[in-house]
Amino acid sequence: MSQPKRQTVSYLTRRFKEVGLEPATRHGQNFLIDMNLQQLLVDRAELTDQDVVLEVGTGTGALTHLMALQAAAIVTCEIDQRLYRLAREELADFDNVVFINHDALRNKHNYRPEVIDAVDAQLAAAPDRHFKLAANLPYNIATPVISNLLLWENLPHSMTVTIQKEMAERIVAAPSTKDYGALSVWIQSQCRAELVRIMPPSVFWPRPKVESAIIHLELDHALRSRIRDPRRFHEFTRSMFFHRRKFLRSVILSAYKNELGKPEVDQVMSELHLRPDHRAEQLSVEELLALGDALDSVAGKSAAG
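Definitions and cut-offs
- Residues numbered from 1 in each chain as written.
- Predicted model: local features only at pLDDT ≥ 70, side-chain atom pairs only at ≥ 80, totals over all residues.
- Heavy atoms only, no water.
- Phe/Tyr/Trp six-rings, centres within 6.5 Å; stacked < 30°, edge-to-face > 60°.
- Helix = DSSP H or I, 4+ residues; strand = E, 2+ residues; numbered from the N terminus.
- Buried < 20%, exposed > 50% of the residue type's maximum accessible area, 1.4 Å probe, protein only.
- Core = buried A, V, L, I, M, F, W, Y, C linked by side-chain atoms within 4.5 Å.
- Contact = heavy atoms within 4.5 Å.
- Axes fitted to C-alpha atoms, helices over the stretch in contact; angles between N-to-C directions.
- Parallel < 35°, antiparallel > 145°, perpendicular 65-115°, else oblique.
- Nonpolar A, V, L, I, M, F, W, Y, C, P; charged D, E, K, R; others polar.
- Patch = residues over 30% accessible without salt bridge, like charges linked within 9 Å, V, L, I, M, F, W, Y side chains within 5 Å.
- Areas by Shrake-Rupley, 256 points an atom, 1.4 Å probe, with all protein chains shown as cover.
- Salt bridge = Lys/Arg side-chain N within 4 Å of Asp/Glu carboxyl O.
- Pairing = 2+ DSSP bridges.

Trainee: It is not clear to me how the packing of aromatic side chains should be interpreted in this structure. Could you clarify?
Mentor: Think of a pair of aromatic rings as described by two things: how far the centres are apart, and how the planes are tilted against each other in angle. If you walk through the whole model with that rule in mind, you get 8 aromatic pairs. Measuring from centroid to centroid gives 5.0 Å for Tyr111 and Trp152, while their planes differ by 80 degrees, and the two rings are edge-to-face. Taken together, the residues Tyr111 in strand 6 (residues 110-111) and Trp152 in the loop between helix 6 (142-149) and strand 8 (158-164) connect sequence positions 41 residues apart. Taken individually, Tyr111 and Trp152 each receive the classification buried, so the pair is uniform in this respect. For the ring pair Tyr180 and Phe241, a centre distance of 6.0 Å and an interplane angle of 80 degrees mean the geometry is edge-to-face. Of this pair, Tyr180 sits in the loop between helix 7 (165-171) and helix 8 (182-188) while Phe241 sits in the loop between helix 10 (230-240) and helix 11 (248-255), and the two are 61 residues apart along the sequence. Judged by its relative accessible area of 0%, Tyr180 falls in the buried class. In this structure Phe241 comes out as buried when scored by relative accessible area, which is 9%. Taken together, Tyr111, Phe131 and Trp152 form an aromatic cluster joined through their ring pairs.

Trainee: Could you clarify how one ought to interpret the nonpolar core in this entry?
Mentor: Looking at soluble globular proteins, one finds that nonpolar side chains tend to be buried together. Ranked by size, the top nonpolar core spans 66 residues in total, and within it Leu54, Ile146, Ile163 and Leu291 carry the most contacts. Among the elements that line this core, the one with the most residues is helix 13 (residues 285-304), at 6 residues. Excluding residues within four positions of it along the chain, Ile146 makes contact with Leu133, Leu137, Met159, Val161, Ile163, Met167, Ile187 and Leu217. Formed by 26 residues, the second largest nonpolar core is a distinct cluster that contains Leu32, Ala45, Phe94 and Phe99.

Trainee: I would appreciate a short explanation of unusual backbone geometry in the present structure.
Mentor: A negative phi holds for most residues other than glycine; trans holds for most peptide bonds. Residue Pro206 follows Trp205 across a cis peptide bond; omega there is -10 degrees. Mapped onto the elements of the fold, Pro206 is located in the loop between strand 10 (204-205) and strand 11 (212-219). For Ser176, which is not glycine, the phi torsion reads 65 degrees and is therefore positive. Tracing the backbone shows Ser176 in the loop between helix 7 and helix 8. Residue His273 is not a glycine yet carries a positive backbone phi of 60 degrees. The exposure class of His273 is exposed, given its relative accessible area of 68%.

Trainee: Mind showing me how you'd approach the packing of helix 10 against helix 13 here?
Mentor: Helix packing geometry: the angle between the two helix axes and the distance between the axes. For the pair helix 10 and helix 13, the least separation of the axes is 11 Å and the interaxial angle reads 110 degrees. Taken together, the axes of helix 10 and helix 13 lie roughly perpendicular to each other. Mapping the contact onto sequence places Arg232, Phe233, Phe236 and Met240 in helix 10 and Leu288, Leu289, Leu291, Gly292, Leu295 and Asp296 in helix 13. Considered class by class, the residues forming the contact of helix 10 with helix 13 number 7 nonpolar, 1 polar and 2 charged.

Trainee: Would you mind going over a nonpolar patch on the surface with me for this structure?
Mentor: Judged by side-chain polarity, Val172, Leu195 and Ile198 come together as a nonpolar surface patch covering roughly 190 Å² of accessible area. Note on placement: Leu195 falls in strand 9 (residues 191-199).

Trainee: Is there a simple way to explain the side chain of Thr237 in this structure?
Mentor: Among the structural elements, Thr237 can be located in helix 10. A relative accessible area of 2% places Thr237 in the buried class. Once residues lying within four places of it in the same chain are set aside, the contact partners of Thr237 are Ala182, Val185 and Trp186.

Trainee: Please clarify how the pairing of strand 2 (residues 51-56) should be interpreted in this entry.
Mentor: Looking down a regular strand, the side chains alternate between one sheet face and the other. By the criterion of burial, strand 2 is predominantly enclosed, with 6 of the 6 residues buried. Neither face of strand 2 is exposed, since Asp51, Val53 and Glu55 on one face and Val52, Leu54 and Val56 on the opposite face are all buried. Inspection of the sheet shows strand 2 paired to strand 7 (residues 130-136) by 4 bridges, in the parallel sense. Looking across to strand 7, one finds that Asp51 is bridged to His130.

Set out below in structure tokens:
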């Protein structure tokens, strides 16, 4: 088996020149050129020969190569056709890599069916396989890639990815801070989150204008079990933070305008000891779970009546 190519600036510029390719800003192409950080990401993902890994953004295949040496299978997606061909050439020795030449997402709320089917097929190929996401994610699709994966039937055991530092800070943020929002609540309601490493722009080519981070998310089934309807809770969290500076009562009335009136909303808030001047950003994950359940319960009774 060939050794991984050292994804340096000189290597990338040479290979790109050979195939007549330049990094595409519209695809968020920033290539991680620090081999130690590539290895750190792979090490933190703790890949084994029972793991099926989804990689979004194959790039030149450098990270794919490292992961394919350890995992049972890699399903890797690359939207850029020339990069897709380059990566297939670089990884020709591997028979456990499934290449998909498409955007991983059908739209911002859904994965492309081919991606789901490819992962499911690899999981079904042998007993006791685990599903993981590990990738140097294109920044422009990082949020939907992570968020929507928690709506799959086959949930990821873990997600270990590079993302913008700002997004990583939002994921791990605590209530009553500027970074706390719908993404914080959605991820923390189901996962244990660890910010592994902050990375300067200099470890990428081309250099992004912002700092980046490696983040590791571990699915916690005990946390996840508290959510009665994940899709409903996903929508609820987004609606609660859609107008984050508005008072909670107004936000709820807007979100449930066709289901609940002021008396019902006031009753729920009173029972949960929430003041009219509370804002969603002040509520913990547990309080938002309780609020969503209570509102949905009253709305369901109103509809039934």
